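Structural features, examined
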Amino acid sequence: MPDPHASIDLVSHARRVHEAVVADPQRFRPVAAALVRRVRRDGPAEALVLAVRALAWAERARLADGEAKRLLDEAARLARRHGLKQSLADVLMSRAAVNQELGRLAAAHRDLEAAAVTVAPGRVADLTFQRAVLDQNVGRFAEAAAAYRELLADRCTPLRIRVIAGNNLAIIAVEQGRHAEGRRRLDEATRRAGEVGPALVAMVAETRAWATVQEGRLAEGLRLFEESMRIFEEAGLPLGEQYVEYADALMDLRLVPEASEAARSAAAVFRQNQVPLMGAEADLRVAQLAMLTGDLDEARRTAAAAIDSFTRQGRGAWRARAALVDIEIRTLAGPLGPADLRDARRVCRALEAAELPAAAVHGHLIAGRIAAGVGRPEVAVRSFRRAADRARGRPFLIRLRGRLAAALAARLLGRADEVLTHCRTGLNDLDRHRAALPSAELRALASGHGAELGQLGLEVTINRGGARPVLAWMERTRAAALLAVEPTGVDDLQEQLDELRAVHAELDGLAERDGHGGRALRTLLTRQVAIEGRIRRATWRGSSAAGRGKVAAGPARLREALGGRVLVEYGMLGDELVAVVVEPRRSRVVRLGSAGAVLEQTRALFFALRRLAQPRTPSSWHAARLSADLRLERLRALLLGPLSVPYGAELVVVPVGDLHGMPWSALHDAPVSLAPSARLWARSRQATVAAARNPSTVLVEGPDLPGATAEIAQLRQLHSKAVALTPPESTAAAVLRLLDGAGLAHLACHGQLRADNPLFSSLSLSDGPLTLQELATRAVAPHRLVLASCQSGADISYAGDEVLGFVSAVLARGTAGVVASVTTVPDVAAAELMVALHDRLRAGRTLARALFEARTGLDRQDPAAYVNWCTFNAYGAA
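Read on for an overview of the structure. If you're wondering where the values come from, they're calculated on a predicted model, not measured in any experiment.

Calculation notes
Residues numbered from 1 in each chain as written. Predicted model: local features only at pLDDT ≥ 70, side-chain atom pairs only at ≥ 80, totals over all residues. Heavy atoms only, no water. Helix = DSSP H or I, 4+ residues; strand = E, 2+ residues; numbered from the N terminus. Rg over C-alpha atoms; globule rule 2.2 N^0.38 Å. Buried < 20%, exposed > 50% of the residue type's maximum accessible area, 1.4 Å probe, protein only. Contact = heavy atoms within 4.5 Å. Areas by Shrake-Rupley, 256 points an atom, 1.4 Å probe, with all protein chains shown as cover. Pairing = 2+ DSSP bridges. Axes fitted to C-alpha atoms, helices over the stretch in contact; angles between N-to-C directions. Polar contact = N/O pair within 3.5 Å; in protein donor to acceptor, adjacent residues only side chain to side chain. Parallel < 35°, antiparallel > 145°, perpendicular 65-115°, else oblique. Left-handed = near helix turned anticlockwise from the far one by under 90°. Nonpolar A, V, L, I, M, F, W, Y, C, P; charged D, E, K, R; others polar.

Here the focus is the overall build of the protein chain. Secondary structure assignment for the protein chain yields 38 helices and 18 strands. For 878 residues, the compact-globule estimate of 2.2 N^0.38 gives 29 Å, and the C-alpha radius of gyration of the protein chain, at 32 Å, lies within 12% of that figure. Seen through its principal axes, the protein chain has C-alpha atoms that stretch 110 × 65 × 50 Å. By residue count, 60% of the 878 residues in the protein chain fall in the buried class. In the protein chain, the proportion of contacts linking residues at least 24 apart, taken out of those at least 6 apart, comes to 69%. A total of about 35,500 Å² of accessible surface is found on the protein chain, and carbon and sulfur atoms cover 51% of it.

Right under this line is the structure:
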């Protein structure tokens with residue numbers, strides 16, 4: 001006869017195993033599986049029901065919801081067959097949770113209604129909790145929050161439920177903009193989660209990271225996400241939901257490729273595991289990111305799939321969010337009509353009803369744009385004002401949208417002063433946000449958030465006339481990320497930077513041996529990408545940037561710093577180029593027309609220069625030279641001709657956007673110096689005046705460059721006391737040690753531009769590449785720097801009038817002057833120009849004047865000399 005006590009013990013044991021699985025599914029899944037095998041052989045039916053339930057929950061934890069559903073269906077059949085009503089209620093509550101994740105919310109509701117009939121008195125809290133989760137998932141936030149509060153107020157509520165209820169209540173609070181309440185709830189949940197187990201610790205850590213991002217503390221949120229991912233991995237939990245929320249954080253930081261990768265990873269995880277509840281949310285992020293990258297076909301397709309999923313799942317709030325993305329995609333595809341405006345306003349009402357303020361602000365902004373576009377200005381103004389009202393007191397990105405909406409409303413009403421007020425306030429807010437970011441990359445990307453505010457303000461100042469306000473506004477948004485520099489953090493990064501250099505050395509060796517390398521090449525490239533990713537993420541976790549002293553950029557102060565030079569600062573108003581010209585006795589604004597013609601001529605010029613750098617026949621050289629001369633003449637006519645700058649005037653040029661990569665020295669027959677902004681040029685001027693005269697000169701020769709050997713040898717004759725580093729001694733560590741604080745540094749080496757991430761642009765040294773990331777991390781800033789390297793001056797422009805590259809990085813760190821090339825440099829022919837440049841530097845010339853005089857001595861009938869005559873620019877005031 002079976003021992004009844006043994007049966008009771010097995011039932012109790014099965015309940016304990018279920019609680020253990022909830023707390024630590026990785027550890028206790030094998031225990032649950034073993035228990036199922038045991039009770040299948042000779043255990044009581046109730047123990048089998050509860051053991052199968054425990055195993056199902058372990059499967060759910062690893063996103064195997066299909067298997068979990070199969071097991072729970074079996075457990076429900078067993079419970080019904082044996083009349084185990086209370087155990088059946090437990091199974092149905094678990095199955096309701098799984099059904100929700102499978103997108104079967106109606107089935108989940110039926111399970112919970114059935115469970116309510118037979119639930120044990122001690123399990124009512126579980127039923128209340130599962131109903132609250134269902135309410136939350138379908139967007140009934142008020143009902144869900146009330147239930148969670150009831151559970152937290154009841155001291156008899158199990159600790160497991162108290163932790164998750166507090167966590168979920170924090171999510172609702174943050175979604176509705178009550179961030180202080182969210183933090184408080186998460187603090188309490190964090191304290192208690194450790195008493196339950198690693199699964200709940202991981203869940204709360206993930207929510208805290210998400211909440212931190214939603215509050216606008218983006219860099220801190222990224223750090224917390226990485227920490228929570230580590231906790232998830234240690235707990236053996238899948239990262240699907242993590243990827244979704246991590247994508248949000250990356251998107252807010254404008255790290256769009258990385259956000260796309262995270263969103264697609266999430267979508268793949270949920271699709272593979274057939275978890276449509278979260279899969280629809282992942283699809284919505286994929287749609288948003290496809291829209292941001294300009295792939296409107298994929299964006300439309302994926303948004304439509306998300307809308308369909310949310311509709312089938314009965315999730316109205318999420319459907320409204322997806323519909324808003326779909327409408328935004330339509331605004332980009334155009335044209336729009338009254339029906340689109342009706343759709344937008346309907347979505348706004350749904351978002352308001354769901355108490356989702358961030359989405360509602362965005363929705364009203366989009367509705368206002370559509371109304372303005374279809375000729376309904378009064379509706380547009382109301383929508384914009386509603387967005388502005390809803391944005392007050394919200395986190396940074398929502399406030400910024402509100403300021404943009406207010407500025408657009410004022411523009412429609414013809415209130416120019418109000419437009420400028422809202423633009424200034426929004427950009428001031430952006431300044432504070434940007435200063436809190438720990439890396440130059442994140443700061444440059446952040447400026448894109450203010451690009452439209454910058455354009456609105458520039459439009460007002462140009463329409464009003466007057467060079468002073470136009471220049472002031474251009475400088476307000478120009479290279480703002482470079483006015484602060486992050487603290488050095490070489491100790492944290494040096495090991496990975498050295499590892500990256502070693503990988504590059506292996507890649508070079510592979511190329512020398514067989515030219516392609518096959519699988520070995522793919523392996524090394526994969527390692528390179530992984531190391532670069534770790535380095536970037538480490539910089540995202542660093543300390544906030546430190547501001548450097550600002551230099552006034554008004555015409556009077558600038559004239560004093562310019563010392564007779566003429567400043568030309570370019571700007572873009574939509575597709576139109578404009579320039580502010582500051583001369584010794586007057587300042588003026590010149591409108592130059594469409595930028596399209598300039599970009600067309602620039603592309604043709606660089607094509608011709610590439611042909612000249614590697615001429616094959618006299619006829620090809622002749623044709624390329626004619627093309628290059630023609631393009632230069634046209635660019636002069638487009639960019640400088642309308643400015644009526646006096647012949648022979650020395651220029652200081654502040655380019656914009658793609659104009660940073662122009663061969664400016666070849667466009668004007670006098671010295672030209674460039675800078676990312678007038679403020680940075682004036683600061684470099686101050687550094688030149690204030691610098692203690694450091695006579696040290698450092699000459700560096702890179703490997704595998706025959707012309708560099710002759711170049712450095714000739715320069716050593718000019719600089720008898722110079723310290724010269726040649727292969728194999730010209731390693732990154734040795735070069736960095738000597739560059740820091742040097743009076744003049746000259747590097748003759750291969751250069752590689754990384755347009756995808758300029759911080760990994762590099763100079764080739766004896767032990768591998770010296771990346772811009774390492775140069776910036778080391779805070780190396782010689783007083784004057786000559787980079788005789790290909791594309792070393794080709795800084796990359798970002799939205800919001802930002803720029804990143806070797807030149808901008810060293811100027812931001814305090815270097816007062818740089819000479820660098822914007823395109824390929826013919827190796828041997830560069831030596832003549834470099835020797836002439838240094839000869840004039842020894843005579844006391846500035847870099848701009850020394851470069852101008854050195855260029856005049858080149859034989860431009862020689863193709864290589866002609867390219868060098870074109871390609872080198874001077875930057876800064878030294």
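After that view of the structure, there is still more to cover.
Spatially, three strands are ordered β11-β12-β13 in an open sheet, and the strand pairing comes out antiparallel. If you trace the sheet from one side to the other, it starts and ends with β11 (751-752) and β13 (768-771), each paired once. In terms of strand pairing, strand β12 (residues 762-765) meets β13 through four bridges, oriented antiparallel. From the neighbouring strand, Leu 763 faces β13, where its bridge partner is Leu 770.

For the rest of this paragraph, the subject is the sheet that holds strand β4 (residues 576-582). The strand order across the open sheet formed by eleven strands is β5-β4-β3-β6-β7-β18-β17-β14-β10-β8-β9, and the pairing between neighbours is mixed. Each edge of the open sheet carries a strand with a single partner, namely β5 (587-594) and β9 (723-725). On average, each strand axis in the sheet is tilted by 20 degrees relative to the strand beside it, whichever way the strands run.

The pairing of β11 with β12 spans two bridges and is classified as antiparallel. Within the sheet, the bridge partner assigned to Gln 752 lies in β12 and is Ser 762. Taking the residues between adjacent antiparallel strands as the criterion, β12 and β13 are bridged by two residues.

Moving on, we come to the side chain of Thr 815. Relative to the elements of secondary structure, Thr 815 occurs in the loop between α35 (806-813) and β17 (817-821). For Thr 815, a relative accessible area of 1% puts it in the buried group. In this structure the side chain of Thr 815 is engaged in a polar contact, spanning 2.7 Å, whose partner is the backbone oxygen of Pro 782.

In this section: the packing of helix α2 (residues 25-42) against helix α3 (residues 45-61). Relative to each other, α2 and α3 sit at 150 degrees, their axes nearing to 8 Å. In this view, α2 runs roughly antiparallel relative to α3, as classed from their interaxial angle. In this structure, α2 crosses over α3, and the sense of that crossing is left-handed. Side by side, α2 and α3 meet where Pro 25, Arg 29, Ala 32, Ala 33, Leu 35, Val 36, Val 39 and Arg 40 of the first sit next to Ala 47, Leu 48, Ala 51, Val 52, Ala 54, Leu 55, Ala 58, Glu 59 and Ala 61 of the second. Along the lines of polarity and charge, the residues of the contact of α2 with α3 split into 14 nonpolar, no polar and three charged.

Here the focus is the packing of helix α32 (residues 706-718) against helix α36 (residues 830-842). For the pair α32 and α36, the least separation of the axes is 9 Å and the interaxial angle reads 20 degrees. Between α32 and α36, the crossing angle belongs to the class labelled roughly parallel. At the point where α32 passes α36, the crossing takes the right-handed sense. Listed contacts from α36 to Gly 707, Glu 711, Gln 714, Leu 715 and Leu 718 of α32 are Ala 830, Ala 831, Met 834, Val 835, His 838, Asp 839 and Arg 842. The residue makeup of the contact of α32 with α36, split by class, is six nonpolar, three polar and three charged.

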